[in-house]
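An overview of the molecular structure
What follows is the residue order along each chain.
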Amino acid sequence: MTNTRITDPEILEKRYPVVLKQFAVNEGSGGEGLYVGGHGVIREMLFRHQLILCVLSERRGEFQPYGMDGGSPGKIGENWVLKCGGDRENLGAKNSAQLEPGDTFLLKTPGGGGCGDVTTETPRKMRKVTGGQFAKKGSVADYTRLQESA
């Protein structure tokens, strides 16, 4: 599985022996700035069978997603194995681990760096997005319009 297209929970649980315990926005992971950096996500998966988990990711060590024009860097990501016995193992960016039934993999993706110097202007907070705030355009909107007009 890759995180490139953020696999739907139903597909993830059907194709792999996991239960998605959490899929949420990683609040506060974006860097400060005139424009706050974007938040990462949190995924927590409980494994139902014994297997080997392989992780290939970026921005999990000392290199934070950088800020621009005076903005602060975003938070680094984290990859953790939470053993059913209570032990925790930090996998780092690139690693593999033997998982047993009941073990959990906790993935936190990095936040984006902030943009702009907050000492010169008032920072703008990231706003929560609710339905209807985006202009409907692009291929999905075009397809929907065609379907609705038929």
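Residues numbered from 1 in each chain as written. Predicted model: local features only at pLDDT ≥ 70, side-chain atom pairs only at ≥ 80, totals over all residues. Heavy atoms only, no water.

1. Overview of the overall build of the chain
The cut-off we apply is this: Only DSSP runs of H or I with at least four residues qualify as helices, and only runs of E with at least two residues qualify as strands; both kinds are numbered from the N terminus onward. For the exposure calls, accessible area comes from a 1.4 Å probe over protein chains only, and a residue counts as buried if that area is under 20% of its type's maximum, exposed if over 50%, partly exposed in between. By definition, residues are in contact when any of their heavy atoms lie within 4.5 Å.
Within the chain, the secondary structure is distributed over two helices and seven strands. Taken from N to C terminus, the helices and strands of the chain fall in the order α-β-β-β-β-β-β-β-α. Classification of the 150 residues of the chain by burial places 30% in the buried group. In the chain, of all internal contacts separated by at least 6 residues, the share reaching a separation of at least 24 is 68%.

2. A few points about the pattern of salt bridges
As a reminder, the rule being used: Each reported salt bridge corresponds to a side-chain nitrogen of Lys or Arg within 4 Å of a carboxyl oxygen of Asp or Glu.
Summed over all chains, the structure comprises three salt bridges. A salt bridge links Glu-44 to Lys-21; its shortest N-O distance comes to 3.7 Å. One end of the pair, Glu-44, is in strand β2 (residues 40-47); the other, Lys-21, is in strand β1 (residues 18-26), and 23 residues separate them in sequence. For Lys-83, the salt bridge is made with Asp-103, and the minimal N-O distance between the two is 3.1 Å. Of this pair, Lys-83 sits in the loop between β4 (78-82) and β5 (88-90) while Asp-103 sits in the loop between β6 (94-99) and β7 (104-108); the two residues are 20 residues apart in sequence, bridging distant segments of the chain.

3. Brief notes about the environment of Asn-79
Threshold: Whenever two N or O atoms come within 3.5 Å, that pair is a polar contact, provided that in protein one can donate a hydrogen and the other can accept it, and provided that, for residues adjacent in sequence, both atoms are side-chain atoms.
Looking at the element boundaries, Asn-79 is found in strand β4. Note on Asn-79: relative accessible area 0%, which makes it buried. Separated by 19 residues in the primary sequence, Asn-79 and Arg-60 have C-alpha atoms spaced 7.6 Å apart. Each residue touching Asn-79, except ones within four places of it in the same chain, is listed here: Val-55, Ser-57, Arg-60, Glu-89, Asn-90, Leu-91, Gly-92, Ala-93, Phe-105, Leu-106 and Leu-107. At 2.9 Å, the side chain of Asn-79 forms a polar contact with the side chain of Ser-57.

4. Here's the deal with the environment of Arg-48
Inspection of the secondary structure assignment puts Arg-48 in the loop between β2 and β3 (51-56). For the pair Arg-48 and Thr-104, spaced 56 residues apart in sequence, the C-alpha separation works out to 9.4 Å. Not counting residues up to four positions away in its chain, the partners in contact with Arg-48 are Glu-13, Tyr-16, Pro-17, Val-18, Val-19 and Pro-101.

5. Here's the deal with the sheet that holds β1
Filter applied, for reference: Following DSSP output, two strands are said to pair if at least two bridges run between them. Where helices are involved, their axes are fitted lines through C-alpha atoms of the stretch in contact, as for all axes, and angles between N-to-C directions lie from 0 to 180°.
Strand order in this open sheet of five strands is β1-β2-β7-β4-β5, and the pairing throughout is antiparallel. Only two strands of the sheet have a single partner each, and these edge strands are β1 and β5. Strand-to-strand twist in this sheet, taken as the mean axis angle between neighbours without regard to direction, amounts to 15 degrees.

6. A look at the nonpolar core
Looking at soluble globular proteins, one finds that nonpolar side chains tend to be buried together. Where we set the bar: Take the buried Ala, Val, Leu, Ile, Met, Phe, Trp, Tyr and Cys residues and link them wherever side-chain atoms come within 4.5 Å; each set so joined is a nonpolar core.
Met-45, Phe-47, Leu-53, Leu-91 and Phe-105 are the most contacted members of the largest nonpolar core, which has 13 residues in total. When contributions to this core are tallied by element, the ones reaching two or more residues are β1, β2, β3, β6 and β7. If we ignore the near neighbours within four places in the chain, the residues touching Met-45 are Leu-12, Val-18, Val-19, Leu-20, Asp-103, Thr-104 and Phe-105.

7. Structural notes on unusual backbone geometry
Positive phi values are uncommon outside glycine, yet Asp-69 reaches one of about 50 degrees. If you trace the backbone, Asp-69 turns up in the loop between β3 and β4.

8. Side note on the pairing of β7
Taking burial as the measure, the five residues of β7 include four buried ones, the bulk of the element. Bridge analysis of β4 against β7 gives five bridges, and the strand direction is antiparallel. When the bridges of β7 are listed, Asn-79 appears paired with Leu-107.

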